[in-house]
Every structure is written in C-alpha cells, then in structure tokens.
Amino acid sequence: MVAAQDTTVVRSHRASNPSRTLVCLGFCGGGTGPYHAWGGVVPSDVDLAAICYPGREGRFLEGFARNWDELADDATEAVLSAATEGPYVLFGHSMGGWMAFDVAVRIDKRGGAAPEALVVSSANAPSRGLTVKDMFPDQRDADEQLLGWMRTHGLMAEHVLNDPDLQEMALELMRADIRVRDTFAHHPGHRVKIPLQVITGENDDVIDPDAGVQWKNLSLGDYRHDVLPGGHFYTPDIWRRLPTFIPALTAPTSPRSEGR
C-alpha cells in the first residue's frame, strides 16, 4: 500500500543515507516551489524539505492562518514532524527568516528537537520590530503592483501568468500572507542558543546596514554573517546555489539535541 503523501512537509530531494535535512520556511506570497530546485545543489547526503503553509498547494482546502501566532504554531508542528527523521538545519528567507527564528525559539521552549543550525536570509532582525521597510509588498498595493512583485521575484509560474483565475488565487495567497506578516511582534528576550547564520544581499535596500549586529545580539551560540551579490533575492545564480553557502550542511553531524 502506498503511503499518503505529506502535504505539509514537502520533501523534494531524498538521499539514500541522509546525514541531515535542510528544512525551509516560505517567504511572503511564496510556497514550497522556489526551494525545489535546490535538490540539485544540496550535498548528496542531505535531504531537502519545504514546509507548506495552510491554504496553498496540497493544503489548499484549509483556511489561511489568521495571524502570526497561528501560522507560527502550525509551522512549529511541521518542523518538529520533519525533525523526527533526524538532524536538520532550519532555513527561512525574508518573512520566512522571522518565522524560522520564531519557530526555533518555540521549539527550544517546548524542549523539542532543536535544529543543528538556524539560517536566516534577507531578513532584518526581528528585535527592531515591524517597520515600514519590512511591510512590502503592502496591504494597500493594487493587484497589478502585487502581480508585478511576484513576476519580478519568480513567484508566478508560466501557466499562472496566462490564467486569470490562477492569478486571482495567487493574489489571495499573497494578501493572506501580508495580513499575517503585519501582525508580527517580537517578544523581548527571545534568543537562540544554536549556531546562527545570517545571509544578506549587498544591494538589498530593505535590509538595515547594521542588521548583522542586530542579529548577533539575538544569538547565544556561534554566529556568522555572509553578504552575497544581488538584492532581496540575490542574483538568479546565487539564489539557485544558495545552499552551497550554508556551511552547516557539510559540517560533521552533531549529537542530537533534545531540548535544553
């Protein structure tokens, strides 16, 4: 009997004898698709999984999360489900960077299986709070503005570009994520004990110049900050190869950490 496909933890690359899994959390308006192509560049002994948020892809019959806490609770359960298969590195891009940080904090508080490392990409430190610079796309943007943003950043497949009904669904998803993002609030004192890697684009005008310092203040463990070519999504080539810039994927496997 064929096992039911997991619609929440979407595994797009399976190693024959995996040392760990790269678990990815989505950015605003995105699904698991932008991460699938990384299956060709992750180390051969690394599994690749992306977390599908409610209301999209295989979970399209579920209602969208109504606020940040609801989505973070859902994502935490999903990451812990992925963690049952062994060590993992947790990655988040843009809004997903804040989500990955929040999920890592929640897992630590619950005494769950902690990631070997946390990697946040193209995200300001959550401790500075939600500012106007972070609120893009904006709830007030017209449909064409949102569609333009999604086209620019590769969030719309070719078949979506040519289908008004699919475009409408994509807009609904984007606006749902914007509403959730805009309810985010950082809790003072939240820090991570695991190794933290911050990646930013050298031409990303959304990221604060001192973002690296701000993130370092949220880390109680090993810390590194890497600056890569390009803007908020780097250059297309850098985005395609982004896992190759994550040293934790090739580090010796650490002993499994269960809680604190």
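Just so we're clear, the structure is a prediction, and the values are computed from it rather than from any experiment. (Residues numbered from 1 in each chain as written. Predicted model: local features only at pLDDT ≥ 70, side-chain atom pairs only at ≥ 80, totals over all residues. Heavy atoms only, no water.)

1. Thoughts on the overall build of the chain
So, step 1. A tally of regular secondary structure across the chain gives eight helices and seven strands.
So, step 2. The C-alpha radius of gyration of the chain comes to 17 Å, within 12% of the 18 Å expected for a compact globule of 260 residues.
So, step 3. Along the first, second and third principal axes, the C-alpha set of the chain runs to 55 × 50 × 35 Å.
So, step 4. Residues classed as buried in the chain amount to 55% of the 260 residues present.
So, step 5. The long-range share in the chain, meaning contacts at least 24 apart out of those at least 6 apart in sequence, stands at 81%.
So, step 6. Carbon and sulfur atoms make up 52% of the accessible area of the chain, which totals about 11900 Å².
So, step 7. Put simply, the chain has 24 plus and 35 minus side-chain charges, and the middle of one group is 6 Å from the middle of the other. (Helix = DSSP H or I, 4+ residues; strand = E, 2+ residues; numbered from the N terminus. Rg over C-alpha atoms; globule rule 2.2 N^0.38 Å. Buried < 20%, exposed > 50% of the residue type's maximum accessible area, 1.4 Å probe, protein only. Contact = heavy atoms within 4.5 Å. Areas by Shrake-Rupley, 256 points an atom, 1.4 Å probe, with all protein chains shown as cover. Lys, Arg positive; Asp, Glu negative; His and termini not counted. Charge placed at Lys NZ, Arg CZ, Asp CG, Glu CD.)

2. Considering the environment of Ile-207
So, step 1. Within the secondary structure, Ile-207 sits in the loop between β6 (196–201) and α7 (211–216).
So, step 2. Among the residues examined, Ile-207 registers a relative accessible area of 10% and is labelled buried.
So, step 3. C-alpha separation for the pair Ile-207 and Phe-27, spaced 180 residues apart in sequence, amounts to 15 Å.

3. Here we look at the nonpolar core
So, step 1. The biggest cluster of nonpolar side chains holds 73 residues, and the ones touching the most others in it are Leu-22, Leu-25, Trp-38, Leu-90, Leu-118 and Trp-215.
So, step 2. In contact with Leu-90, not counting residues within four places along its chain, are Val-23, Leu-25, Val-79, Ala-100, Val-103, Ala-104, Pro-115, Ala-117, Leu-118 and Val-119. (Core = buried A, V, L, I, M, F, W, Y, C linked by side-chain atoms within 4.5 Å.)

4. Things to note about empty space enclosed by the protein
So, step 1. Tallied over the entire structure, the rule returns three cavities of 30 Å³ or more.
So, step 2. Taken as a whole, the largest cavity encloses approximately 150 Å³ of empty space.
So, step 3. Taken together, 17 residues line the largest cavity, and the ones lying closest to its centre are Ser-94, Met-95, Asp-134, Phe-136 and His-232.
So, step 4. Here the residues of the lining of the largest cavity sort into 11 nonpolar, four polar and two charged.
So, step 5. When its volume is computed, the second largest cavity comes out at roughly 60 Å³. (1 Å grid on protein atoms, 1.4 Å probe; cavity = no way out; pocket = protein on both sides within 12 Å on 5 of 7 lines; lining within 4 Å. Points joined across faces, edges and corners; volume = space filled by probe spheres on them. Nonpolar A, V, L, I, M, F, W, Y, C, P; charged D, E, K, R; others polar.)

5. Focus on the pattern of salt bridges
So, step 1. As enumerated under the stated definition, the model contains 21 salt bridges in all.
So, step 2. Residue Arg-106 is joined to Asp-102 by a salt bridge in which the shortest nitrogen-to-oxygen separation is 2.9 Å. A residue pair is termed a helical-turn pair when its members lie 3 or 4 positions apart in one helix, as Arg-106 and Asp-102 do in helix α3 (residues 95–110) at four residues. (Salt bridge = Lys/Arg side-chain N within 4 Å of Asp/Glu carboxyl O.)

6. Some thoughts on the sheet that holds strand β1 (residues 9–13)
So, step 1. Taken together, the seven strands give an open sheet; going across it, the order is β1-β3-β2-β4-β5-β6-β7, and neighbouring strands pair in mixed fashion. One side of each edge strand has no neighbouring strand; the edge strands of this open sheet are β1 and β7 (223–228). Strand-to-strand twist of the sheet, defined as the mean angle between neighbouring strand axes without regard to direction, takes the value 20°.
So, step 2. When strand β5 (residues 117–121) meets β6, the two strands line up parallel, connected through four bridges. (Pairing = 2+ DSSP bridges. Axes fitted to C-alpha atoms, helices over the stretch in contact; angles between N-to-C directions.)

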